[in-house]
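Below are the chains, spelled out letter by letter.
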Amino acid sequence: MSNIDKKGLAQAIARLDKLTAALPGQRREAVQRLGNLAEGAVLSSIRARVRDSRGKVQSWQQKRLGSGGGYAAVSPARRSAPPHYPATGPDSPGAVTNYLEHGWLHRSGRRAAPRRMYWQAEAQLTHRAENEAQRLAQRIVRGLKDD
């Protein structure tokens, strides 16, 4: 019968407990970094693709973080700073942002070209999100190996 090193096993379990206790905080930090990157990418995309010299469409964008730290998103704010826009309806920041993102039909019947601001920002963030996930995985591996 093989001998089990109880002291080494106890140390490994203690390391694992410490690591799992720190993991939610590390994940939250990674999601916050990605949220900041997403907000910057969306605002940059709006500047590049929308004629928004006064920054109205940019001011409507709001970064949201999940309460558990599991996600970050950028979307039009439900309420805007003065002048106030309706929270819902065809003239709300969300509706106008949607029209810009996907295009709209003019009264003349001509279709406006979609600006694809969010789509472009998402394409930029895919690689960064993968890198952030790899960094978090490396932290976990280092935590398991450290003595």
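Scoring rules and cut-offs
Counting of residues starts from 1 at the beginning of each chain's written sequence and follows it residue by residue. This being a predicted model, a pLDDT of at least 70 is required before a residue's local features are given, and a value of 80 or more before pairs of side-chain atoms are given or counted; all residues contribute to the totals for chains, interfaces and linings. Only hydrogens and water are set aside when side-chain values are computed; all heavy atoms of the structure are taken into account. Here an axis means a line fitted to C-alpha atoms, over the contact stretch when the element is a helix, while the angle between two N-to-C directions is reported on a 0 to 180 degree scale. Starting at the N terminus, helices and strands are each numbered in turn, a helix being any DSSP run of H or I of at least four residues and a strand any DSSP run of E of at least two. Geometric relationships in this document are graded by angle, where less than 35 degrees denotes roughly parallel, more than 145 denotes roughly antiparallel, 65 to 115 denotes roughly perpendicular, and other angles denote oblique. Contacts are assigned to residue pairs that have any heavy atoms within 4.5 Å of one another. Note on residue categories: nonpolar means Ala, Val, Leu, Ile, Met, Phe, Trp, Tyr, Cys or Pro, charged means Asp, Glu, Lys or Arg, and polar means any other residue, Gly included. Points on a 1 Å grid, built from protein atoms alone, make a cavity when a 1.4 Å probe fits but cannot get out and make a pocket when they are open with protein on both sides within 12 Å along at least 5 of 7 lines; residues with an atom within 4 Å of a point are the lining residues. Grid points are joined across faces, edges and corners, and a volume is the space filled by probe spheres set on the points. Only protein chains enter the area calculation, which uses a 1.4 Å probe; residues under 20% of their type maximum are buried, those over 50% are exposed, and those in between are partly exposed. Polar contacts, as used here, are pairs of N or O atoms within 3.5 Å; protein pairs need one atom able to donate a hydrogen and one able to accept it. Residues neighboring in sequence count only if both atoms are side-chain atoms.

### Observations concerning the packing of helix α3 (residues 93–102) against helix α4 (residues 117–145)
For any two helices packed against each other, the geometry is given by the interaxial angle and the distance between the axes. α4 packs onto α3 with a crossing angle of 75° between their chain directions and a minimal axis gap of 7 Å. Here α4 runs roughly perpendicular to α3, going by the angle between their axes. When α3 is examined against α4, the residues T97, L100 and E101 are found in contact with a partner set consisting of M117, Y118 and W119. Of the residues contributing to the contact of α3 with α4, the split by class is four nonpolar, one polar and one charged.

### Re the layout of surface pockets
In this structure, the largest pocket encloses a volume near 310 Å³. Along the wall of the largest pocket there are 17 residues; nearest its centre are V31, L34, G35, A72 and A129. Where the lining of the largest pocket is concerned, the elements lending two or more residues are α1 (6–49), β2 (72–76) and α4. Among the elements that take part in the lining of the largest pocket, α1 stands out by supplying seven residues, more than any other. When grouped by side-chain class, the residues that make up the lining of the largest pocket number 13 nonpolar, two polar and two charged.

### Quick look at the side chain of E132
Note that E132 resides in helix α4. The class for E132 is buried, based on a relative accessible area of 7%. A polar atom in the side chain of E132 sits 2.5 Å from the side chain of R33. When neighbours within four sequence positions are excluded, E132 is seen to be in contact with A30, R33 and L34.

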